[in-house]
Number of protein chains: 2
Amino acid sequence: MSETESPRPARGGRAARRAARSAGAALNGASHYGEAAWNFPTYEMGSDETLSRLEHNADSILETVGVDFHDSEAEREPGSPSPHELFRDAGCEIENTRVRFPRGLARKIIRDNAPAEFTHHARNPANSVVIGGRRTVFSPVYGPPFIRDLEGERRYAQLADFENLVKLIYMSPALHYSGGTVCEPTDIPVNKRHLDMVYAHARYSDKPFMGSVTHWSRARDSVAMAELLFGKDFVEQNTVLTALINVNSPLVYDATMLGALKVYAERGQGVQVAPFVLAGAMGPCTAAGCIAQILAEAMAGMSLCQLIRPGAPVIFGSFVSSMSMQSGAPTMGTPEPTLIMAHLAQLARRLGVPFRTGGALTASKLPDMQASYESAATLWVSVMSGINLLQHAAGWLEGGLSFSYEKLLMDCDQISGMHRLFRGLDMSENGQAMEVLLENPPGQHHLGTEHTQRNFKDAFWTSVLSDNNSFEQWSSEGSLDVTARANVLARRMLGEYEAPVLDGGVDESLRAFMDRRKSEMPDAWSA
Amino acid sequence: MSETESPRPARGGRAARRAARSAGAALNGASHYGEAAWNFPTYEMGSDETLSRLEHNADSILETVGVDFHDSEAEREPGSPSPHELFRDAGCEIENTRVRFPRGLARKIIRDNAPAEFTHHARNPANSVVIGGRRTVFSPVYGPPFIRDLEGERRYAQLADFENLVKLIYMSPALHYSGGTVCEPTDIPVNKRHLDMVYAHARYSDKPFMGSVTHWSRARDSVAMAELLFGKDFVEQNTVLTALINVNSPLVYDATMLGALKVYAERGQGVQVAPFVLAGAMGPCTAAGCIAQILAEAMAGMSLCQLIRPGAPVIFGSFVSSMSMQSGAPTMGTPEPTLIMAHLAQLARRLGVPFRTGGALTASKLPDMQASYESAATLWVSVMSGINLLQHAAGWLEGGLSFSYEKLLMDCDQISGMHRLFRGLDMSENGQAMEVLLENPPGQHHLGTEHTQRNFKDAFWTSVLSDNNSFEQWSSEGSLDVTARANVLARRMLGEYEAPVLDGGVDESLRAFMDRRKSEMPDAWSA
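It should be emphasised that the depicted structure is a prediction, and the values quoted were computed from it without experimental measurement.

Q: Break down the pairing of strand S11 (residues 241-247) of chain A for me, with residues and values.
A: Two faces belong to every sheet, and in a regular strand the side chains alternate between them. Residues and elements named next belong to chain A. For S11, the tally of buried residues reaches 6 of 7 residues, placing the bulk of the element in the interior. Pairing of strand S10 (residues 209-210) with S11 involves 2 bridges; the strand directions are parallel. Across the sheet, the residue bridging to Phe 209 is Leu 241, located in S11. Relative to strand S13 (residues 270-278), S11 runs parallel, the two being bridged by 6 bridges. Considered in S13, the bridge of Ala 243 is made with Val 271.

Q: Lay out helix H16 (residues 450-459) of chain A in plain terms, naming residues and giving numbers.
A: Those residues of H16 of chain A that fall on the buried side of the exposure criterion are His 451, Thr 452, Asn 455 and Ala 459 of chain A. Here the buried residues of H16 of chain A occupy an arc of 95 degrees about the axis, which is enough to place them on one side. In H16 of chain A, the exposed positions angled more than 90 degrees off the buried face are occupied by Glu 450, Gln 453 and Lys 457 of chain A. Against helix H13 (405-422), helix H14 (429-432) and helix H15 (434-437) of chain A together with helix H11 (335-351) of chain B lie the buried residues of H16 of chain A.

Q: Talk me through the interface of chain A and chain B; I want residue IDs and the actual numbers.
A: Quite often, the size of an interface is put as the accessible area lost when its parts meet. Of the residues lining the interface, 123 residues belong to chain A; the matching set on chain B comes to 123 residues. Together, the buried faces of chain A and chain B total about 9,500 Å²; carbon and sulfur atoms form 71% of this surface. When the area that chain A buries against chain B is broken down by residue, the three leading residues are Met 369, Tyr 373 and Phe 460 of chain A, summing to 9%. There are 4 salt bridges connecting chain A and chain B. For Asp 467 of chain B, the salt bridge goes to Lys 365 of chain A, with nearest N and O atoms at 2.9 Å. At the junction of chain A and chain B, the tally comes to 35 residue pairs in polar contact (both at pLDDT 80 or more).

Q: Tell me about the environment of Leu 401 of chain A, residues and numbers included.
A: All names here are of chain A. On the secondary structure map, Leu 401 appears in the loop between strand S19 (396-397) and strand S20 (402-404). The class of Leu 401 is partly exposed, set by a relative accessible area of 42%. Taking the C-alpha atoms as reference points, Leu 401 and Tyr 142, separated by 259 residues in sequence, lie 9.7 Å from one another. Excluding residues that lie within four positions of it along the chain, Leu 401 makes contacts with Pro 144, Pro 145 and Phe 146.

Q: Tell me about the sheet that holds strand S8 (residues 146-148) of chain B, and please be specific about residues and values.
A: Residue and element names in this part refer to chain B. Read across the sheet, 4 strands follow the order S9-S8-S20-S19 without closing on themselves; strand pairing throughout is mixed. At either margin of the open sheet sits one strand with a lone partner, and together these are strand S9 (154-156) and strand S19 (396-397). Bridge count for S8 against S9 is 3 bridges, and the pairing is antiparallel. If you follow Ile 147 over to S9, its bridge partner there is Arg 155. Most of the contacts of helix H13 (residues 405-422) go to strand S20 (residues 402-404), to which it runs at about 65 degrees, and overall it touches S8, S19 and S20.

What counts, and where the lines are drawn
Residues numbered from 1 in each chain as written. Chains lettered and ligands numbered in written order. Predicted model: local features only at pLDDT ≥ 70, side-chain atom pairs only at ≥ 80, totals over all residues. Heavy atoms only, no water. Buried < 20%, exposed > 50% of the residue type's maximum accessible area, 1.4 Å probe, protein only. Helix = DSSP H or I, 4+ residues; strand = E, 2+ residues; numbered from the N terminus. Pairing = 2+ DSSP bridges. Arc of directions from axis to C-beta. Contact = heavy atoms within 4.5 Å. Buried area = accessible area lost by both parts, 1.4 Å probe. Salt bridge = Lys/Arg side-chain N within 4 Å of Asp/Glu carboxyl O. Polar contact = N/O pair within 3.5 Å; in protein donor to acceptor, adjacent residues only side chain to side chain. Axes fitted to C-alpha atoms, helices over the stretch in contact; angles between N-to-C directions.

None of this, on its own, says anything about what the molecule does.
Next up, the structure:
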């Protein structure tokens, strides 16, 4: 199947359409609100002097300490290139697994080759997104093994939960991405669950999705399934998958991540190189120290992608958290990661690559005020600082260990407001409203003016979950908190879900591939 | 009493000290964390072209439509100046109550006279704050008639609630201000409650506080009590009160507000001129339209203050909300007010006066995820955009109709993180951490490094209310949400409260003044 043969644009169910209408957006065949372009300047927190110093420090780390790349035969695709040979040929100094970079080399390789932005294709072309430039792509939570379900029970997540999540994400126009491991389907063997996950994204959604990274062969399976979905030719020419490659900080690419990175980079699929830093453990306990390390780590991996395939789409990623001084537990939404994210966004812009960070992060075990205050801290700095891919933007709880349907919808509701915010200040003649401001006398309210009548319907973004009614009205409706309202909405949306059309032959081929691959492997229950 | 005779600096109870210590701040005799200076650039959302156009539009409103000043004999202090005479002498065109300004006049009067910043003195000199410049003053909720109390009941607030609130605010180092009408003590007659409110601020706190504005005589009483507290000479020479003067938008100063404005401006006390705009009702339903109107309204009032007393301290204030399209109810934390606040902050900087807006605003009836998501939206834009006085920063619920002790403490907890954020990125040698980054090998965690050991204790801001423990630990401690933890803390703080020392003679004179004034008036139960 090629792009022109892809199934007709499908829309995201009644609830999504309602949400979209209430936010004043036309879906135009897409299951999201459209591009979230930044119609105002990014917030530039760090001065040129500060940023130059941080770049200098990153170069010093790459030059003096270097980065370990663990390239193991068991963990790499047969015939895949050796990172050490590639780096040596580019001018690096190699010592066993260690790669040291002459000052400025990694930056130069990236600047000379990496695209500033690229299109991540969805099977519904209306849902394809551009990653990079002056726009944000919103993506759901990635990785939680647990779920807090609609009955309020916290338990291991299963494939049925995964499928439900994909459906809700499909129906949520605030999210561009269907995501990757939106939760771990723990009832499926570890070595087979990537097949079910890719299938669920392909079958129950038509938004862009991510491939598996837990073994090179699972990455290869992800690409193979994408070829069945998009057509082999199309996949050879286009980016239809991105993959989340975490650096094993400090300064280590482990063999598993390296094996997956190579599979995607060789095939021109999008590689998100994301150091995972809990400050004080995987990096120093100061913000400026973490920034230099993260920049060094990300440049090492992104330059490797360019050496593997010049022009391969890469994303500078970062997951960063501070730490509880009492317990050593990760803490979210705190000032130090905020500072780190804002400066890294600037450094990515200077480097000329898309940047991913952020999310609706929280350490709370429940969707309570802690959860949203912490989530908002990361979401807001992301929106102001200019983040191209906002991973974990919805659904995350408990430091990423669990997800919540209710929080998914509450996060989406906030993100929907951010879509509106990105439109910026309307300075059109109608927006300036001088016609009415110069006519309307003091003391005369604006409710009935012709200008208000003409604009009122679409004047303000409206939350689908917030209750703005009087206390009396709210009480008469049961005094529900927003989580209870989100629970009702999640149940209703799952009941109303309609799958996007998928060509029967494609569906059949995907299932056949899964069955064959599953039959080739004994079940494995550990990574 | 003069400044040098003021009582010895007092500290805010054990809980406050614990909170202060945990946030790594030394109180230095103050009951707050110290000045929240902006160690990073303000976010400049609007372009020069946009801002110039908005200023042009404001001037057009002032020139063409003008502003109504309702100056009534019953509502003004005998002998107070006529605004119309002052404006006429300054070059305005007067038509009955209406004042029309030649283009640029209001701006010129303000620029030529109004201070860019001023000190608002507290009776504890360590708690005095500078309003204006590159710093934020955090102030609690203002105005709610209802309380959601610690038993979870929502009822009319009483004087005992007012006193409890003042005590908790005093013990919350995140807040600089003791505030004004932190709630309405509805058990006290309307014409007498200002006396009890001023007394409570003076007696139970030593932070800066606000005067009454509901009648010129109550404003006069507020000043008289301040003279007893600070000494008459000191009050003549210094600003010891600010007052919240709401414009009766669109484009009207009513007689009550005007009467109070004049009392404070004549005496060099701080006047916050704050248009109160529910977009679509008290102003147009577009953001750019509201901005122009608010700027015009605020300039009219601030220029009057300067004509009354050149150099009188003024604050450009703004309360702005969008509207539910279903019910007409005010909505909080939405994109449109965010855009308005960010641009108004820039316009205030161009005008050269301190700016107040923002707060932890929400329409939610409960401290739930709606409450904190909406509150965070306003808090974050305030922090990034540069707001000098952040009114309503803690405790607000239900569109300002009620307050919550728990939300007060949860809001303060977040603001405490913002105090830390304002410090910005530490680019000292220690902050850059290159000594450890160049020594520590790949794969070796940073937990045990000498750099981490040296910095760990103060490395990260720590919430006093967030739970970052494991799910298992949290469950074993009762699975409490953050509101339940805040309830426990509020009860403990009220139990631990220790009043700051107040000179017995001063206390006696304040009580005697209250008694005398109360005896002079029959009880009145409406405004």
